[in-house]
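Next come the chains, spelled out residue by residue.
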Amino acid sequence: SGWLRPTFPYTVAQVNPLSGTATEVVLQPAGSGRLSYEAGQFLFIRFEEDKVLSEPHPFTISSSPREENLRVSIRAAGDWTGYLHQNLKAGMTAKVSGGHGRFLYKDGGDEQIWIAGGIGVTPFVSWVRDLGDNCPKKIDFFYTVRHASEVLFWDEFETAADQHENLNVHLQASSSDGRLTPELVAQQVQGDIQNKSIYLCGPIKMTEGMADRFKEMWVPAGQIHFEEFNFR
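Calculation criteria
- Residues numbered from 1 in each chain as written.
- Predicted model: local features only at pLDDT ≥ 70, side-chain atom pairs only at ≥ 80, totals over all residues.
- Heavy atoms only, no water.
- Phe/Tyr/Trp six-rings, centres within 6.5 Å; stacked < 30°, edge-to-face > 60°.
- Helix = DSSP H or I, 4+ residues; strand = E, 2+ residues; numbered from the N terminus.
- Buried < 20%, exposed > 50% of the residue type's maximum accessible area, 1.4 Å probe, protein only.
- Core = buried A, V, L, I, M, F, W, Y, C linked by side-chain atoms within 4.5 Å.
- Contact = heavy atoms within 4.5 Å.
- Salt bridge = Lys/Arg side-chain N within 4 Å of Asp/Glu carboxyl O.
- Arc of directions from axis to C-beta.
- Axes fitted to C-alpha atoms, helices over the stretch in contact; angles between N-to-C directions.
- Left-handed = near helix turned anticlockwise from the far one by under 90°.
- Nonpolar A, V, L, I, M, F, W, Y, C, P; charged D, E, K, R; others polar.
- Pairing = 2+ DSSP bridges.

Colleague: Teacher, can you tell me more about the packing of aromatic side chains here?
Modeller: By convention here, two paired aromatic rings are described through the distance between centres and the angle between planes. Across all of its chains, the model carries 18 aromatic pairs by this definition. Taken together, a centroid distance of 5.9 Å and an interplanar angle of 25° make the contact between Phe59 and Trp80 stacked. Highlighted residues: Phe59 in strand β4 (residues 57-60) and Trp80 in helix α1 (residues 79-87), separated in sequence by 21 residues. Both residues of the pair, Phe59 and Trp80, count as buried. Their ring planes at 75° and their centres at 5.9 Å tell us that Phe103 and Phe124 sit as a pair that is edge-to-face. Here Phe124 lies in helix α2 (residues 122-129) and Phe103 lies in the loop between β6 (93-100) and β7 (111-117), a separation of 21 residues in the sequence. Take Phe103 and Phe124: they sit in the same class, and that class is buried.

Here it is as structure tokens:
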């Protein structure tokens, strides 16, 4: 149900358009309690003042657990999210519960590959915001979108890569650069992909196709992790 954990009241502080179809919603705690979560987890959110938006939906948290405010990035992909884009306003009340999910890079090995497709970038944004002063893992982050105009938060990834020599970032717009494949990933990382923990988040077809191909390339299944929820 998503409501088995305690629910906390928040207020919509800002609704920031990110690109044509994506919005970042900034939520401020409205009571004494705050949602406790780990970077990469998701929450359920509902907005009681609006009949349509009072139905709970899951979204990945894109803020770092170090921040007081919560941030979620929402793409207009279906009826509910499309409606939210038109009707969500600052000042509305939100009820959130979480954090849910086991998409946690800190549990992975010392060498990691992160692969984001489209709005699937959100857990990785949370991870990068949570790095703080040191990046304990050796990470290659690949971000694939159809068109360069759909890229979100890229400046944050580039800044983080400048700060941490362990973090390399790669951007691929399939309309101009061709499709990102596990073969291309293997060519661009140092060391053997069989020794790396791989984290995938994006459209189901992409993540499952990549996971299958990595297994054919002898990456152990236990090292491949994906966040499989639907972003509608």
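Colleague: Could you clarify how one ought to interpret the nonpolar core in this entry?
Modeller: Side chains that are nonpolar tend, in soluble globular proteins, to be buried together. If you look at the biggest cluster of nonpolar residues, it comprises 29 residues, and the most contacted ones within it are Trp114, Val121, Phe124, Phe141, Tyr143 and Phe157. Only β7, α2, β8 (138-145), α3 (154-163), β9 (167-173) and β10 (197-201) provide two or more residues apiece to this core. Setting aside residues no more than four positions away along its own chain, Phe124 makes contact with Phe103, Trp114, Ile115, Ala116, Phe141, Phe157, Tyr199, Leu200 and Cys201. With 22 residues, the next largest nonpolar core counts Val25, Phe59, Leu84 and Ala94 among its residues.

Colleague: Sorry if this is basic, but what is going on with the pattern of salt bridges here?
Modeller: Close approach of charged atoms allows side chains with opposite charge to pair. Throughout the structure, instances matching the rule amount to 12 salt bridges. Salt-bridge contacts for Lys106 lead to Asp130; the nearest nitrogen and oxygen are separated by 2.9 Å. Taken together, the residues span a long stretch of sequence, with Lys106 in the loop between β6 and β7 and Asp130 in the loop between α2 and β8 at a distance of 24 residues. For Asp130, a relative accessible area of 6% gives the class buried. In this structure, a network of salt bridges that share partners links the residues Glu24, Glu67, Arg71, Arg129 and Glu156.

Colleague: Quick question: what am I supposed to make of α1 here?
Modeller: Each full turn of the α-helix corresponds to 3.6 residues, which orients residues three or four apart in the same direction. All buried positions along α1 are accounted for by Trp80, Thr81 and Leu84. In a view along the axis of α1, the buried residues occupy a sector of 95°, so they form one face of it. Along α1, exposed side chains directed more than 90 degrees from the buried face belong to Asp79 and Gln86. In this structure, the buried side of α1 is in contact with β4 and β5 (70-75).

Colleague: Can you help me understand the packing of α2 against α3 in this one?
Modeller: Pairs of packed helices are described in terms of their axes, by the angle between the two and the distance that separates them. The N-to-C vectors of α2 and α3 enclose an angle of 35°; their axes lie 10 Å apart at closest approach. For the crossing formed where α2 meets α3, the hand is left-handed. Contact residues: α2 offers Phe124, Val125, Val128 and Arg129, while α3 offers Glu156, Phe157 and Ala160. Of the residues assigned to the contact of α2 with α3, the class counts are 5 nonpolar, no polar and 2 charged.

Colleague: I tried to follow the pairing of strand β2 (residues 22-29) on my own but got confused; where do I start?
Modeller: For a regular strand, side chains alternate in direction, first toward one face of the sheet and then toward the other. For β2, the buried fraction is high: 7 of the 8 residues fall into the buried class. Sheet topology places strand β1 (residues 7-17) next to β2; 7 bridges connect them, and they run antiparallel. Looking across to β2, one finds that Asn16 is bridged to Glu24. What sits between the antiparallel neighbours β1 and β2 is a turn of 4 residues. Looking at chain direction, β2 and β5 are connected through 6 bridges and run antiparallel. Looking at the pairing, Ala22 lines up with Arg75 of β5.

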